Amino acid sequence: MSSSLDNPCHNCGICCLTFPLPPFDANELVRAPNELMEQIDDYAHGARYRDTNPCLWLDLGSGKCKHHQVRPVLCRWFVPGCAACNELRNKAGLPNV
Ligand code: SF4
Ligand code: SF4
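Residues numbered from 1 in each chain as written. Chains lettered and ligands numbered in written order. Predicted model: local features only at pLDDT ≥ 70, side-chain atom pairs only at ≥ 80, totals over all residues. Heavy atoms only, no water.

What follows deals with the overall build of the chain. In terms of regular secondary structure, the chain is built from four helices and two strands. The principal-axis extent of the C-alpha atoms belonging to the chain is close to 35 × 25 × 20 Å. Relative to its full complement of 97 residues, the chain shows a buried share of 26%. Expressed as a percentage of contacts within the chain between residues at least 6 apart in sequence, the contacts between residues at least 24 apart total 52%. Separation between the mean location of the 9 positive side-chain charges and that of the 10 negative ones in the chain comes to 7 Å. (Helix = DSSP H or I, 4+ residues; strand = E, 2+ residues; numbered from the N terminus. Buried < 20%, exposed > 50% of the residue type's maximum accessible area, 1.4 Å probe, protein only. Contact = heavy atoms within 4.5 Å. Lys, Arg positive; Asp, Glu negative; His and termini not counted. Charge placed at Lys NZ, Arg CZ, Asp CG, Glu CD.)

Here's what the structure looks like:
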């Protein structure tokens, strides 16, 4: 996958393997779109839910967040190319971005 000068993210999606659900905090939940919160709730209580699953909102094909515009603050704070990003990539056998 390619990156740009504006956004060095390579869309490997590895940082989105950390959480099985979008990591909203309690304050954010009240601002998130209802239909997406219902989807999360259904999934969290469904048979397919596992702690080890990739995030529900991760598009496995593109490596991108399906709901990028409303992603949690924690995800917004995760800067592509930061130490944690590269540590995760290196553990998966990928080079730094
Ligand atoms: S950026 Fe999107 S897919 Fe990745 S962990 Fe956050 S909510 Fe999930
Ligand atoms: S681990 Fe880094 S390069 Fe990969 S998707 Fe996350 S932010 Fe982008």
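From this point, the narrative continues.
Moving on to the pattern of salt bridges. Once the charged atoms of two side chains with opposite charge are near each other, the side chains can pair. Tallied over the full model, the rule gives one salt bridge. Residue Lys91 pairs with Glu87 through a salt bridge whose shortest N-O separation is 3.7 Å. Within this pair, Lys91 and its partner Glu87 are both found in helix α4 (residues 83–91), separated by four residues, close to a single helical turn. Judged by relative accessible area, Lys91 falls into the exposed class, the value being 68%. (Salt bridge = Lys/Arg side-chain N within 4 Å of Asp/Glu carboxyl O.)

With that out of the way, let us pick up α4. Each turn of an α-helix holds 3.6 residues, which means side chains three or four residues apart point in the same direction. If you check which residues of α4 are buried, you get Cys85, Asn86 and Arg89. The buried residues of α4 occupy one face: seen down the axis, they fall within an arc of 90°. Facing away from the buried surface of α4 by more than 90 degrees, the exposed residues are Ala83 and Lys91. Following α4 by one or two positions, Gly93 adopts a phi angle in the positive range, close to 85°. (Arc of directions from axis to C-beta.)

So, about the packing of aromatic side chains. Two descriptors summarise a pair of aromatic rings, namely the distance from one centre to the other and the angle between the planes of the rings. By the definition in use, this model includes two aromatic pairs. With a centroid separation of 5.6 Å and an interplanar angle of 80°, the aromatic rings of Phe24 and Trp57 are classed as edge-to-face. Here the residue Phe24 occupies a position in the segment before α1 (26–29), and Trp57 occupies one in the loop between α2 (34–44) and β1 (58–59), the gap between them amounting to 33 residues. As far as the burial class goes, Phe24 and Trp57 line up, both buried. Ring centres of Tyr43 and Tyr49 lie 5.9 Å apart, and the angle between their planes is 80°; on these two criteria the pair is classed as edge-to-face. Tyr49 gets classed as partly exposed once you look at its relative accessible area, which sits at 22%. (Phe/Tyr/Trp six-rings, centres within 6.5 Å; stacked < 30°, edge-to-face > 60°.)

Taken together, Cys9, His10, Asn11, Cys12, Gly13, Cys15, Phe78, Pro80, Cys85, Arg89 and Val97 make up all the residues around ligand 2. Given that more than half its atoms are within 2 Å of the pocket grid, ligand 2 belongs to the largest pocket. (Near = heavy atom within 4 Å. 1 Å grid on protein atoms, 1.4 Å probe; cavity = no way out; pocket = protein on both sides within 12 Å on 5 of 7 lines; lining within 4 Å. Sits in = over half its atoms within 2 Å of the grid points.)

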